[in-house]
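Listed below are the residues making up each chain.
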Amino acid sequence: TGAIGLYNVGQSCCLNSVLQVFLMNIHFTGILRRITVPPCAGQKKRNVPYQMLLLLEEMQCGKRKAVFPIPLARCLSAYRVKLFVQHDAAQLFLTLWNLIKDQMKKPELVEELSYLYTICVQEHLACQKCSLETKRNSRMLTLPLPMLDADSRVLKTLEDCLRYFFRPEELTDHNMCFCEQCGRKTPFLQSMKLVHLPQTLTIHLKRFCFEESSYVHKLSHYLPFPQDLDFNAILTENQCQADDNEKASWQYELFAVVAHSGSTNCGHYCAYVRSLTEHKWYCFNDSQVCQVSWDDVKCTYGHSNLNWAETAYLLIYMKKHPQ
């Protein structure tokens, strides 16, 4: 029935934006439609996936321009996701995803959800004095990309941020690690290699940073991001730990942008989402929804002199050719 908005029910712009990114993803809603319905009314009220499903059905069945997400908001409040407070979109995305996963009863749906969103990396730690090397596989839901390098210099493109995130780092001086083979603290080389990328890739641009005074500062500088993203063209062979079949699917197209406007203490979120069925871009600003162009989305690149303007905070990419 077209793109439907969500009314703001108490500083819920962050929640509304993150929900739109979930519910406009047909791969996610395909999983959501197959959940086990809780047996009693009390359990239904406290079950996040079920309340998201009810909200999705209300959005799709109604003729209204927007719906109230109040039952879902009440459900989330039982899990410390409060209204009338400012949320961080990256943290709220992780909180929601974990609640959804933990409350899905079917193991096969949990597995599908994990495959849809989870990034797999391999962490390497190598002693620079001997041949000892340790490896550990780990999973993450977002790529948290720094926007400044170690010398506080601005990283100029999304590709630069990705290369910097996967760069090897020397651990020296007070950062040295104890080497069991050497029997003492030695310099180590720490690196991270990409093993697997999901169908839906969420990138967190770390625009909020702590200064020495513990004051949170927003980085609003210009950072362009492409519509098409090919990890094979960005990362080197040494930054990847994947076979050719896995790498062949590492081509992405931008699906959504969660943008933040305002300051760290007084801000607002909205979401730009490309419909996977209509292939049109929409701006979801709470109850206000309108079709927009790619030029409108590019306005979220940021500008250091326009701190109050909309600035991209979460980037969600979708695989072009999933395995």
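Remember, it's a predicted structure, so these values are computed and weren't measured experimentally.

S.K.: What is the right way to read the packing of aromatic side chains from this model?
M.R.: By the definition in use, this model includes 15 aromatic pairs. Between Phe231 and Tyr252, the ring centres sit 5.9 Å apart and the planes meet at 70 degrees, which makes this aromatic pair edge-to-face. Of this pair, Phe231 sits in the loop between strand S13 (228-230) and helix H9 (244-247) while Tyr252 is found in strand S14 (residues 251-262), placing the two residues 21 residues apart along the sequence. Owing to a relative accessible area of 0%, Phe231 belongs among the buried residues under this scheme.

S.K.: I tried to follow helix H4 (residues 48-61) on my own but got confused; where do I start?
M.R.: For the α-helix, the turn length of 3.6 residues means that residues three or four positions removed from each other point alike. With 14 residues, H4 extends 20 Å between its outermost C-alpha atoms, agreeing within 8% with the 20 Å of an ideal straight helix rising 1.5 Å per residue. In this structure Asn47 caps H4, since a side-chain oxygen of it lies 2.9 Å from the backbone nitrogen of Tyr50.

S.K.: What is the right way to look at the environment of Arg184 in this model?
M.R.: Within the secondary structure, Arg184 is located in strand S8 (residues 184-186). In this structure, Arg184 is in contact with Lys129, Cys177, Phe178 and Cys179, ignoring residues within four places of it in sequence.

S.K.: Sorry if this is basic, but what is going on with the packing of helix H1 (residues 13-23) against H4 here?
M.R.: Two quantities define a packed helix pair, namely the angle between the axes and the distance from one axis to the other. Taken N-terminus to C-terminus, the directions of H1 and H4 make an angle of 80 degrees; their axes are 11 Å apart at the nearest point. Our classification of the angle between H1 and H4 gives roughly perpendicular. Note on element contacts: H4 touches H1 through Met52, Leu55, Leu56 and Met59, opposite Leu19, Gln20, Phe22 and Leu23. Split into classes, the residues belonging to the contact of H1 with H4 amount to seven nonpolar, one polar and no charged.

S.K.: Help me out: how do you make sense of the pattern of salt bridges in this one?
M.R.: Enumeration over the complete set of coordinates arrives at 11 salt bridges. Between Arg153 and Asp151 there is a salt bridge, with the nearest N and O atoms lying 3.4 Å from each other. The two residues Arg153 and Asp151 agree in class, both being exposed. Here Asp228 ties to Lys320 by a salt bridge, and the two come within 3.0 Å at their closest N and O atoms. With Asp228 in strand S13 and Lys320 in the segment after strand S18 (311-319), this residue pair connects regions lying 92 residues apart in the sequence. We classify Asp228 as partly exposed; its relative accessible area is 44%.

Rules behind the numbers
Throughout, a residue's number is its position along its own chain's written sequence, starting from 1. A pLDDT threshold of at least 70 governs which residues receive local features in this predicted model, and a stricter bar of 80 or more applies before side-chain atom pairs are shown or counted, although totals over entire chains, interfaces and linings include all residues. The side-chain values count all of the structure's non-hydrogen atoms but skip hydrogen atoms and water molecules. Ring pairs are drawn from Phe, Tyr and Trp, using the six-membered ring of Trp, whenever the two centres fall within 6.5 Å, and their geometry is named by plane angle: stacked under 30 degrees, edge-to-face over 60, tilted for the rest. Per the convention used, a helix needs a DSSP run of H or I reaching at least four residues, while a strand needs a run of E reaching at least two, with both numbered from the N terminus. Relative accessibility decides the category of a residue: with a 1.4 Å probe and only protein chains considered, values under 20% of the type maximum give buried, values over 50% give exposed, and everything between is partly exposed. Given the number of residues in a helix, its expected span is that number minus one, multiplied by 1.5 Å. N or O atoms closer than or at 3.5 Å make up a polar contact, with two conditions inside protein: a donor-capable atom paired with an acceptor-capable one, and, for residues adjacent in sequence, both atoms drawn from side chains. Here, two residues are considered to be in contact whenever any of their heavy atoms come within 4.5 Å of each other. Axes here refer to lines fitted to C-alpha atoms; in helices the fit is confined to the stretch in contact. Angles between the N-to-C directions go from 0 to 180 degrees. In what follows, roughly perpendicular refers to angles from 65 to 115 degrees, roughly parallel to angles under 35, roughly antiparallel to angles over 145, and oblique to any angle outside these ranges. Throughout, the ten residues Ala, Val, Leu, Ile, Met, Phe, Trp, Tyr, Cys and Pro are labelled nonpolar, Asp, Glu, Lys and Arg are labelled charged, and all others, Gly among them, are labelled polar. Note on definitions: salt bridges are taken to be side-chain nitrogens of Lys or Arg within 4 Å of carboxyl oxygens of Asp or Glu.

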